[in-house]
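Given next are the chains, with one letter for each unit.
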Amino acid sequence: MTVKQPYNPHYDPLKDSSPGEGVDYAPSYWRYHAGPPPENDGPVTDDMEADVVLIGAGFTGLATAMFLAREHGIKAVVLEANQIGWGCTSRNGGQGHLAWGRLSRSQWVRKWGVDMARQLHANSLEGFEVFKSLTQDPEVDCEPQPLGNLLIAHSPQAMQHLEAESRLCNNILGYRTRTLDRASVHRDFMGDQESHGAMLEPEGIAVQPLKLAYSYARIARHHGARIHTSSPVQHWTTENGIHYLQTPGGTVKARAVGYTSPNLHSLTAYRNMPIMANSVWTRTLTDDEIEACGLRSTILTTDTRKLRYYYRLLPEKRLQIGTRSAISGADAQNARHLDVVHEAIARKFPALAGIETPWFSHGWISPTT
Ligand SMILES: Cc1cc2nc3c(=O)[nH]c(=O)nc-3n(C[C@H](O)[C@H](O)[C@H](O)COP(=O)(O)OP(=O)(O)OC[C@H]3O[C@@H](n4cnc5c(N)ncnc54)[C@H](O)[C@@H]3O)c2cc1C
């Protein structure tokens, strides 16, 4: 692994044209826990050609490279500015559940009708099945916790909403969810003191996300893909359908390019509003603390706030919890953002008030996620 620059917590996708070159990982627990990153092909050092280039070695670029190489024999080149999984991929909650976006499923029905809602649900399930099969793949190491998805109501009104949502999932989408009262949440899952009940969805798998990304990278390279780290794409031009991607070490000529980077192309520029999401990981909890908090499950959990908290007990007995935070890189290290998470820990699990959180990291997300 080549580190050319220290991690910069103030990187701001709206202000900085690229996330850097060879920048070290954010200080997330996953990085510590995953061990050394897999081998890669080092920085680009000369001009080269490829049929397919993927910009960014996060889940998107790595999974695409893996599928292309393993299932279609297409050996893509992945160009990564920093390290494998450097972006949100190494900083997230590791929570895999059905996608529904900003709108609730009842809003889907109101806005687009039952048929479209069923179709959206089917698409979401199909995507989840792919994810599920990857977590079960013998070549993938990601410590899956396939226990479902627990949505905790933070107010009585939110519980009423979850009850309606659960009925709609069961009766209209054919998706067997169930609701739980506060006592059942405490008895079977966790003693979250803010809970007014919950909805339990059957589909939900928590993973160690960076291990998952490392597995994708290993499999992709094993099947012939190349992954060049410390290779930011600084300029992109297209002539006669051929793409020219300029990196510090050379220009890569490609027939097709896959990317999600917001600043590189007019199709994505100015079309999203990044905000920060953060995450802390506590020290290892003692058995007494786990008992005092009633933490009985490692199920992935989210509460119903608009700026929601997502949390879970990791198999190795640490609590992970995070929420949304800064909207500019300049404000990223404001102590208030960490305080907000600590206040949530104390409200939900009073026995953990003031607990040490040796890992704290953040990354930029699109507000619809
Ligand atoms: C705190 C937090 C919690 C989250 N929790 C969850 C969760 O629990 N469940 C969930 O499903 N999602 C979650 N997410 C979102 C999830 O992490 C992202 O959707 C996912 O990682 C996106 O993957 P990606 O590959 O598209 O982007 P990234 O992982 O961000 O990767 C993009 C890569 O592209 C590289 N890059 C950018 N520009 C260039 C360039 N010009 N040249 C070369 N390389 C470039 C970057 O260095 C980076 O490595 C969370 C995100 C955060 C920040």
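Residues numbered from 1 in each chain as written. Predicted model: local features only at pLDDT ≥ 70, side-chain atom pairs only at ≥ 80, totals over all residues. Heavy atoms only, no water.

Visitor: Mind laying out the sheet that holds strand E11 (residues 250-259), listing which residues take part and the relevant values?
Guide: Backbone hydrogen bonds hold the strands of a sheet together, and the pairing may be parallel or antiparallel. Across the sheet, 6 strands lie side by side as E8-E2-E1-E11-E10-E9; this open sheet has mixed pairing. Each edge of the sheet is formed by a strand with only one pairing partner; in this case those strands are strand E8 (226-228) and strand E9 (235-239). Across the sheet, the mean angle separating the axes of adjacent strands is 40° when strand polarity is ignored. Where E9 lies against strand E10 (residues 242-247), 5 bridges are found, and the strand directions are antiparallel. Counterpart to Thr237 in the pairing with E10 is Tyr244. (Pairing = 2+ DSSP bridges. Helix = DSSP H or I, 4+ residues; strand = E, 2+ residues; numbered from the N terminus. Axes fitted to C-alpha atoms, helices over the stretch in contact; angles between N-to-C directions.)

Visitor: Can you break down the sheet that holds strand E14 (residues 310-313) residue by residue, with the values?
Guide: With mixed pairing, the 8 strands of this open sheet are ordered in space as E5-E6-E4-E13-E14-E15-E12-E16. Edge positions in the open sheet fall to strand E5 (178-180) and strand E16 (359-365), since each of these has one partner strand only. Each strand of the sheet is rotated relative to its neighbour by a mean of 20°, with strand direction disregarded. Pairing geometry for strand E4 (residues 149-152) and strand E13 (residues 300-303), over 4 bridges, is parallel. The residue bridging Ile152 from the neighbouring strand is Asp303, located in E13. Running at roughly 155° to E5, helix H5 (residues 156-173) makes contact with E4, E5 and strand E6 (198-201) of the sheet. (Contact = heavy atoms within 4.5 Å.)

Visitor: Describe helix H2 (residues 59-72), with residues and values.
Guide: For H2, built from 14 residues, the straight-helix expectation of 20 Å at 1.5 Å per residue is met to within 8% by its first-to-last C-alpha distance of 18 Å. Residues Gly61, Leu62, Ala63, Ala65, Met66, Leu68 and Ala69 constitute the buried set of H2. Buried residues along H2 sit against strand E1 (48-55), strand E2 (77-79), helix H4 (114-135), helix H7 (209-222) and E8. Trailing H2 by a residue or two, Gly73 shows a phi angle of about 65°, which is positive. (Expected span 1.5 Å × (residues − 1). Buried < 20%, exposed > 50% of the residue type's maximum accessible area, 1.4 Å probe, protein only.)

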